[in-house]
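Observations on chain architecture
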Amino acid sequence: MCGIVGLHLRDPELHPQLGRLLESMLCGVVERGPDSAGVAVYGDRRRVPEGHAAVSVLLPPGADTNGLDAEVSVAGDTTIVAAPVVPEDLVARVKGLFPTARVVGSGHDLTVYKGVGHPRELATTYGLADAVGWQGLAHTRMATESAVTPEGCHPFSVGPDQCLVHNGSFSNHASIRRELVRQGVEFDSENDSEVGARFVASRLAQGEDLEKALLALRETFDGFYTLLVTSADGFAVVRDPIACKPAVIAETDAWVAMASEFRALAALPDIDHARLYEPEPGRVYAWRR
Amino acid sequence: METVSFDLATTPVRALNAELHDPAVKSYEVLHPDGAHAVAAGIDTGIAVEIRGHVGYYCAGMNDGGSVTVHGNAATGLAENMMSGTVRITGDASQSAGATAHGGLLVIEGSASMRCGISMKGVDIVVGGSVGPMSAFMAQAGRMVVCGDAGDGLGDSIYEARLYVRGRVGELGADCVEKELRDEHRAELAELLAAAGLDHDPAEFRRYGSARRLYHFQSEQAEAY
């Protein structure tokens, strides 16, 4: 069991409230995954100034970030590095200085936070309530397949401004991983969800949009999954064809939200007038900014 | 009649359920459920409970004699294992509504998601809208009425439950077949619709049930084992 929440804001007036809303959603799925929690925020100009790239990274203990020549902010196990360069260059700079560090997110808009502990306390560590932006997602993890570590936290972000969170388990990930490795894709972990993220990233890199990429994922992956996948301009949800894992979507003119359970949505503004529905098995739901 | 109100924004579900298990009055109202789990589960007397808002998993589970109304939607397992009484929901129900229920009446005014009535053992389920795939899976006894459509796999591995569907039915599940709608079926359908407060013409429905090919051992297939 894991918990997923995501919020895509259509109304710019809500952007200053993104963090507060996302925190309330995260707290609604704490019981689904009390081991650890990860968060992604899009457009948080506190940490990624306009025209900057950001890299979210899990640095080794005691790492000296002075040599990075970048703006650095620390939130528990996660360090956010920002500089007015393209994301690939900043990733290379971080990896050059810290070869063993795990980069957990990069892009023009994206910041990713990962850590182990009670999700409510982690939200405070991440300063989530103060985050601003246009889109965000969070995942609470009850680990079944691998260790409880910051590296094992979702979201998996393996392409620029991309994120994937997963509730469930893929059963044929090893063969898909082998195929992706043959195509030259590199992996950070043995995690099944990372295979899903790498698969989507490779499809997006070939020019597909989120909807097409997730249709391909549905045809390729076997197992249980509810997935929330986000990109530089998109927000998409898909469940496996027998819908083993829960999901509910709510929409108003001001926002689109999804969560594992309704209780994570209960505090959203105007929720009483939202269109509420369960995503159908095997169908891809996608929204663009 | 005195009604006692519980506001779940300030009172834990455990306090509500403890009261409902040892009720001081006959009528209760629940405010701000906000998706909480197990709201009004385990009632075993004839009390009435009005829940105003959306509920989480296993609402009114194991109900035995209570009359529970949810003014909203419900998550997985609404009225699961109900023994008797009535559970009514004005909105939609998520997966496995009425699962394993032995008796009582479950009315879903909206639609139900997948696996509605899975392994039902005697409950009556009336759905105003549609039901998702794999509904009435392994249904053993009871009646299910669907005023809208039914998804694929309806009645897979069904035993003796009777299913009535007014709209389209996807691919039928293994050993589930359409059966003749006779007068006695029209009569019980009329009763069930009336109990649910619906006024569809029973003649608009089709009946489905077990072909009884799966649960008798076929001696000519003995060599296959």
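Everything that follows concerns the structure shown earlier in this document.
Criteria and thresholds
- Residues numbered from 1 in each chain as written.
- Chains lettered and ligands numbered in written order.
- Predicted model: local features only at pLDDT ≥ 70, side-chain atom pairs only at ≥ 80, totals over all residues.
- Heavy atoms only, no water.
- Helix = DSSP H or I, 4+ residues; strand = E, 2+ residues; numbered from the N terminus.
- Contact = heavy atoms within 4.5 Å.
- Patch = residues over 30% accessible without salt bridge, like charges linked within 9 Å, V, L, I, M, F, W, Y side chains within 5 Å.
- Areas by Shrake-Rupley, 256 points an atom, 1.4 Å probe, with all protein chains shown as cover.
- Salt bridge = Lys/Arg side-chain N within 4 Å of Asp/Glu carboxyl O.
- Buried < 20%, exposed > 50% of the residue type's maximum accessible area, 1.4 Å probe, protein only.
- Arc of directions from axis to C-beta.
- Polar contact = N/O pair within 3.5 Å; in protein donor to acceptor, adjacent residues only side chain to side chain.
- Buried area = accessible area lost by both parts, 1.4 Å probe.
- Nonpolar A, V, L, I, M, F, W, Y, C, P; charged D, E, K, R; others polar.
- Core = buried A, V, L, I, M, F, W, Y, C linked by side-chain atoms within 4.5 Å.

**Things to note about the environment of Glu80(B)**
Residue and element names in this part refer to chain B. Tracing the backbone shows Glu80 in the loop between strand 4 (64–71) and strand 5 (84–89). On a C-alpha basis, the gap between Glu80 and Glu178 in space is 27 Å, while along the polypeptide they are 98 residues apart. When neighbours within four sequence positions are excluded, Glu80 is seen to be in contact with Tyr58, Gly61, Met62, Gly98 and Ala99.

**Some points on a nonpolar patch on the surface**
A surface patch of nonpolar side chains, amounting to about 340 Å² of accessible area, comprises Met138(B), Tyr159(B), Leu214(B) and Tyr215(B). When you line up the elements, Met138(B) lands in the loop between strand 7 (121–127) and strand 8 (141–146).

**A closer look at helix 6 (residues 210–220) of chain A**
Residues and elements named next belong to chain A. Within the span of helix 6, buried status applies to Leu210, Ala213, Leu214, Ala216 and Leu217. The buried residues of helix 6 all sit within an arc of 155° when viewed along its axis, so they share a single face. For helix 6, the exposed residues set more than 90 degrees away from the buried face come down to Lys212 and Glu219. For helix 6, the secondary structure elements touched by its buried residues are helix 5 (192–205), strand 10 (223–230), strand 11 (234–239) and strand 15 (284–288).

**Quick word on the environment of Ser27(B)**
All names here are of chain B. Turning to its location among the elements, Ser27 is positioned in strand 2 (residues 27–31). Distance in space between the C-alpha atoms of Ser27 and Ser67 is 9.5 Å, their sequence separation being 40 residues. Apart from the residues within four sequence positions on either side, Ser27 is in contact with Met1, Glu2, Thr3, Val4 and Ala48. Polar side-chain contacts of Ser27 include one of 2.8 Å to the side chain of Thr3.

**Here we look at the side chain of Ser106(A)**
Residue and element names in this part refer to chain A. Positionally, Ser106 belongs in strand 6 (residues 102–107). Judged by its relative accessible area of 13%, Ser106 falls in the buried class. Contacts of Ser106, omitting those with residues within four sequence positions, involve Ala54, Val55, Val91, Ser157, Gly159, Pro160 and Asp161.

**Here we look at the environment of Gly85(B)**
All names here are of chain B. Its location among the elements puts Gly85 in strand 5. With 38 residues separating them in the primary sequence, Gly85 and Ile47 have C-alpha atoms 9.4 Å apart. For Gly85, the residues in contact, after removing those within four places along its chain, are Asn63, Gly65, Gly66, Gly104 and Leu105.

**Examining the interface of chain B and chain A**
Contact with chain B, which involves eleven residues of that partner, is made by twelve residues of chain A. Note on chain B versus chain A: buried area summed over both sides is about 960 Å², and carbon and sulfur give 49% of it. The tally of links from chain B across to chain A stands at seven residue pairs in polar contact (both at pLDDT 80 or more). Grouping the constituent residues of the side of chain B that touches chain A by class yields two nonpolar, seven polar and two charged.

**A word on the nonpolar core**
With 49 residues, the main nonpolar core has Val39(B), Val49(B), Ile51(B), Leu78(B) and Ile108(B) as its most contacted residues. Counting residues per element, this core draws most heavily on strand 7 of chain B, which supplies three residues. The contacts of Val39(B), once residues within four sequence positions are left out, are Leu8(B), Val13(B), Leu16(B), Asn17(B), Val30(B), Ile51(B), Val55(B), Tyr58(B), Cys59(B) and Ala60(B). Leu7(A), Val39(A), Leu122(A) and Ala274(A) belong to the second largest nonpolar core, which has 38 residues in total.

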